[in-house]
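Chains, contacts and geometry: an overview
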Amino acid sequence: LREEYGNQEIDIQSLHHHADEDRGVYRIYSTPSTVGVVRTFRQSTVTTALLKQATILEYLARCGYSAPRPIMTLARKSVSSYEDWSALFTTFIEGTGADFSYASLSNLGACLGRLHKLSEQVMTGTAAPAIQILPGSRFQLSSAIPYALSQLLPEAHRVPMEIWPLYRGLITTLHHIQQTVNLPITLVHADSQPHHAICTTGGEMILTNWGSAGIGPAVLDVSYLLLISHLEKPDCSLIQPDAQAIAAVVQGYCQQRALTDQERAVLPDAVRFGIALQGAQHLPTILRGPWRKSVQLQTLQACYDISADIASLALHYFRHEATHLS
């Protein structure tokens, strides 16, 4: 901080809860005010990822979209390096963390709608140069689907009959999304949830944690929020479709943007897409251990079981909002 940014009289507060010692998130004070938040990583391979995140945050700043802003080094670089560490230093958003209240979920839906509306030119095929240089997101189909399938398909011989319907459903979801055409592509957050949002003292909801963001299908972004809005309770056995939560997300989103016919048609698979990505990440490890006791597997199964009901309710509310607006 001293050598790269010129900060001298500072205090540092740890904000991260990671077990490993190769990363950190710190709030930086310069009495009496907050200077910003620095995210540090020991791995040299993360520099590219941090540069991508900085590119997105700089683009949002140019568009006037509320989000953390990169703080430049003395050498006017958006990502700093010191010894074997890389870091991204951003402004700090003052406020309180969002929660799972219906008001918060509606505001989060509106945040996503505004974000997707920013890149309407992408949807019409006349993308501005500024958008064309943005990196792909966690939901970029050309990379996410091949990777997920490469993780899941080799595990077929390990899958017990009890969870075969789940496994087959995840594969089918990935294939269905892969075969879908004409999905509007926008800038997406790709990890929107109450834990990644701040409500400012002025009442504005601001998304944080942009590490997964980039270009991707808009419908996958809002569908992920629809699913995550049901995961407030740690006990996965209590997960049930919440019509009011779904209505809140849809209402907030439709204040900014309406889904296309193609997006509404793919909604059931879009809600399951996030589950499929989680399955690809965790299922190979789960199947090599005591899978019946796996909380991750129980959560995957519970989310998959309610995904159709979430999509059905969401489709109803999207149609209602479209009728209301027209």
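Before going further, it helps to examine the overall build of the chain. In terms of helices and strands, the chain carries 12 helices and 10 strands. Projected onto its principal axes, the C-alpha positions of the chain cover 60 × 55 × 35 Å. A buried classification covers 48% of the 326 residues belonging to the chain. The long-range fraction of contacts in the chain, counting pairs at least 24 apart against all pairs at least 6 apart in sequence, stands at 73%. Here the chain displays about 15700 Å² of accessible surface, and carbon together with sulfur accounts for 51% of that area. Each charge sign in the chain was given a centre, from 23 positive and 27 negative side chains, and these centres are 5 Å apart.

With antiparallel pairing, the three strands of this open sheet are ordered in space as S6-S8-S9. On the outer flanks of this sheet lie strand S6 (96-97) and strand S9 (205-207), each paired with one strand and no other. Where strand S8 (residues 197-199) meets S9, three bridges bridge the pair, whose relative direction is antiparallel. Its bridge partner lying in S9, Ala197 is registered against Leu207.

On to helix H12 (residues 295-325). Taking 1.5 Å per residue, 31 residues should reach 45 Å; H12 reaches 42 Å between its end C-alpha atoms and fits that length. For H12, the principal kink sits at Ser307 and spans about 40 degrees. The opening residue of H12 is Ser294, an N-cap whose side-chain oxygen sits 3.4 Å from the backbone nitrogen of Gln296.

The relative placement of two aromatic rings is captured by the distance of their centres and the angle of their planes. Enumeration over the complete set of coordinates arrives at six aromatic pairs. Considering the side-chain rings of Tyr5 and Phe89, the 4.9 Å spacing of their centres and the 75 degrees angle between planes classify their relative orientation as edge-to-face. In this pair, Tyr5 sits in helix H1 (residues 2-5) while Phe89 sits in strand S5 (residues 85-90), placing the two residues 84 residues apart along the sequence. The same class applies to Tyr5 and to Phe89, which are both buried. Aromatic side chains Trp164 and Tyr167 sit 5.2 Å apart centroid to centroid with 40 degrees between the ring planes, which places their arrangement in the tilted category.

This paragraph deals with the environment of Ser66. With respect to the secondary-structure elements, Ser66 resides in the loop between helix H2 (47-63) and strand S4 (79-82). According to the relative accessible area criterion, Ser66 is partly exposed, its value standing at 24%. Taking the C-alpha atoms as reference points, Ser66 and Leu115, 49 residues apart in sequence, are found 9.6 Å from one another. In terms of polar contacts, Ser66 uses its side chain to reach the side chain of Glu204, at 2.6 Å.

What follows covers the side chain of Glu263. With respect to the helices and strands, Glu263 occurs in helix H10 (residues 261-265). Judged by relative accessible area, which is 0%, Glu263 ranks as buried. Within polar-contact distance, the side chain of Glu263 engages the backbone nitrogen of Thr260 at 2.8 Å.

With a phi close to 65 degrees, Arg76 is a non-glycine residue in the positive phi region. With respect to the helices and strands, the residue Arg76 is situated in the loop between H2 and S4. Residue classification places Arg76 among the exposed residues on the basis of a relative accessible area of 65%. For Glu83, which is not a glycine, the phi torsion comes out positive at approximately 55 degrees. If you trace the backbone, Glu83 turns up in the loop between S4 and S5.

Here is what the cut-offs are and how they apply
- Note that residues are indexed from 1 along each chain, following the sequence as it is written.
- Reporting in this predicted model follows two pLDDT cut-offs: at least 70 for local features of residues, and 80 or more for side-chain atom pairs to be given and counted; totals over whole chains, interfaces and linings ignore these cut-offs and use all residues.
- Hydrogens and water are ignored here; the side-chain numbers use all heavy atoms of the structure.
- Strands are runs of DSSP state E lasting at least 2 residues, helices are runs of H or I lasting at least 4, and numbering of each runs from the N terminus.
- Exposed residues in this analysis have more than 50% of their type's maximum accessible area, buried residues have under 20%, and partly exposed residues fall in between, with area computed by a 1.4 Å probe over protein chains only.
- What makes two residues a contact is simply this: any of their non-hydrogen atoms within 4.5 Å.
- To be clear on the numbers: accessible area is Shrake-Rupley with a 1.4 Å probe, and residue cover counts the displayed protein chains and nothing else.
- The charged-residue count follows a simple rule in which Lys and Arg add positive charge and Asp and Glu add negative charge, with His and chain termini not counted at all.
- Note that the charge is assigned to NZ on lysines, CZ on arginines, CG on aspartates and CD on glutamates.
- What makes two strands pair is DSSP finding at least two bridges between them.
- What a helix is expected to span follows from its residue count: subtract one and scale by 1.5 Å.
- The bend at a residue is defined as the angle formed between two axes, one fitted to the seven residues ending at that residue and one fitted to the seven starting there.
- For this analysis, a polar contact is any N or O atom pair within 3.5 Å, provided that within protein one partner can donate a hydrogen and the other can accept it, and provided that sequence-adjacent residues contribute only side-chain to side-chain pairs.
- Two rings belonging to Phe, Tyr or Trp (six-membered ring only in the last case) form a pair when the distance between their centres is within 6.5 Å. Interplanar angles under 30 degrees mark stacking, angles over 60 mark edge-to-face geometry, and anything in between is tilted.

Note that every value here comes from positions in space, so none of it alone points to a role or purpose.
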